[in-house]
Amino acid sequence: SEEVNQLVPQIDHQKCQLCDECVNFCRFHALIHFIDKIRLLPNLCHACGGCQLVCPHQAITEVDELIGWVHHKKYQSHDIYGGELMVGKETGVKIISTLLDKPNPKQDVVIDCPPGNGCSVMESMKSSDVCVLVTEPTMFGLENLKMVYKLTKVFNKKSGIVINKSYHQDDLIIDYANTHNIPILGVIPFDKALAKDNSNLLMISDNEDYKDYFLSIYARLLKVVES
């Protein structure tokens, strides 16, 4: 494991002239003019460094703050990197950017993201060749799929859909995919055996009953990349 730090502003109140340049600049409202001092709200700070740049009195410096860790593990011939955000920290974008520097760019790399279209998803999507949109055949899954698909269009990324936990009522997702011409890369059935393997920290793709599912998804994915 290695520690991940990000730079956060530190204010020298002896130099500060309370001009509010930094307060007015910060779009995240992480700096406030409170009584006789400029104060930092660390949970809102995105460590962009802008406040230091705009301060005309050189009253702001940046110091390292620990926000989490990057872990590395070998599985067979694969390198697996994982990020851990310290409890109480608001954003892990610096952890993600550190993670993305680790893999060999000459090899195939899979970047796993949380649901939604937040900062971590955007940061991960920037360097991707293609986005695999994993969804479940529910209204909640569809609404999340819509958000992420719109994000792929913003970043001009190719994409395909994998339907997970399918119980043969996938029309909700298939209709949306057909409407927007998004290829369906594969369908993984709802199966308690897969959930059990996952909870036992087993690689589901090693399950002989399901290996063909993942091989076919990979084959279709390559076609999307090459298209």
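Q: Tell me about the packing of aromatic side chains, and please be specific about residues and values.
A: Inspection of the entire model under this criterion finds two aromatic pairs. Plain terms: the ring middles of Y149 and Y176 are 6.2 Å apart, the flat faces sit at 90° to each other, and that makes the pair edge-to-face. Here Y149 is found in helix α5 (residues 139-154), whereas its partner Y176 is found in helix α6 (residues 171-179), with 27 residues between them in sequence. Here Y149 and Y176 have matching classes, each one buried.

Q: Explain the confidence of the model for the chain to me, and be specific about the residues and the numbers.
A: Scored by pLDDT, the chain comes out at a mean of 90, with 100% of its residues at no less than 70. Looking at the elements of the chain, mean pLDDT is at its lowest for helix α4 (residues 119-125), recorded as 84, and at its highest for α6, recorded as 96.

Q: Got a sec to walk through the pattern of salt bridges? Specific residues and values, please.
A: Any two side chains of opposite charge can pair, on the condition that their charged atoms come close. The full count for this structure, using the stated rule, is seven salt bridges. A salt bridge links E2 to K102, with the nearest nitrogen and oxygen atoms 2.6 Å apart. In this pair, E2 sits in strand β1 (residues 2-11) while K102 sits in the loop between α3 (93-100) and α4, placing the two residues 100 residues apart along the sequence. Owing to a relative accessible area of 30%, K102 belongs among the partly exposed residues under this scheme.

Q: Kindly report on the packing of α5 against α6, identifying the contributing residues and their values.
A: Contact pair α5 / α6: the axes reach a minimum separation of 9 Å and the direction vectors enclose 25°. What the angle tells us is that α5 and α6 run roughly parallel. As α5 packs across α6, the resulting crossing turns out to be right-handed. Two secondary-structure elements touch here, α5 through M139, L142, L145, K146 and Y149 and α6 through L172, I173 and Y176. Of the residues assigned to the contact of α5 with α6, the class counts are seven nonpolar, no polar and one charged.

Q: Which residues make up the sheet that holds strand β8 (residues 184-189), and what are the values?
A: Spatially, three strands are ordered β6-β7-β8 in an open sheet, and the strand pairing comes out parallel. In this open sheet, the two strands that pair with only one neighbour each are β6 (130-135) and β8. Strand-to-strand twist across the sheet, computed as the mean angle between neighbouring axes with direction ignored, equals 20°. With respect to the sheet, α5 is in contact with β6 and β7 (158-166), its orientation differing from that of β6 by roughly 170°. Those strands touched by helix α8 (residues 211-226) are β6, β7 and β8, and its axis lies near 165° from that of β8.

Q: Can you break down the sheet that holds strand β4 (residues 60-75) residue by residue, with the values?
A: Read from one edge to the other, the open sheet built from three strands follows the order β1-β4-β5, with strand pairing classed as antiparallel. The open sheet has two edge strands, β1 and β5 (78-85), and neither has a second partner. Taking each pair of neighbouring strands and ignoring which way they run, the sheet shows an average axis angle of 25°. Here β1 pairs with β4 via ten bridges, running antiparallel. Directly across from P9, in β4, lies its bridge partner E62. On top of the sheet, α3 reaches β1, β4 and β5; it is set at about 50° to β4, its chief contact.

Q: Lay out unusual backbone geometry with the relevant residues and their values.
A: Non-glycine residue L18 carries a positive phi angle of around 55°. Here L18 lies in the loop between β1 and α1 (21-25). Although it is not a glycine, A47 adopts a positive phi angle of roughly 55°. Summarising the element assignment, A47 is placed in the loop between β3 (37-40) and α2 (50-54).

Q: Account for α5, with residues named and values stated.
A: Quick reminder: α-helices carry 3.6 residues per turn. Residues three or four places apart thus point the same way. Taking 1.5 Å as the rise per residue, α5 with 16 residues should run 22 Å; its terminal C-alpha atoms sit 23 Å apart, in good agreement. The inward-facing, buried residues of α5 contact α4, β6, β7 and α6. Positive backbone phi, approximately 55°, marks N156, located one or two places after α5.

Rules used in this analysis
Residues numbered from 1 in each chain as written. Predicted model: local features only at pLDDT ≥ 70, side-chain atom pairs only at ≥ 80, totals over all residues. Heavy atoms only, no water. Phe/Tyr/Trp six-rings, centres within 6.5 Å; stacked < 30°, edge-to-face > 60°. Helix = DSSP H or I, 4+ residues; strand = E, 2+ residues; numbered from the N terminus. Buried < 20%, exposed > 50% of the residue type's maximum accessible area, 1.4 Å probe, protein only. pLDDT = per-residue confidence, 0-100. Salt bridge = Lys/Arg side-chain N within 4 Å of Asp/Glu carboxyl O. Axes fitted to C-alpha atoms, helices over the stretch in contact; angles between N-to-C directions. Parallel < 35°, antiparallel > 145°, perpendicular 65-115°, else oblique. Left-handed = near helix turned anticlockwise from the far one by under 90°. Contact = heavy atoms within 4.5 Å. Nonpolar A, V, L, I, M, F, W, Y, C, P; charged D, E, K, R; others polar. Pairing = 2+ DSSP bridges. Expected span 1.5 Å × (residues − 1).

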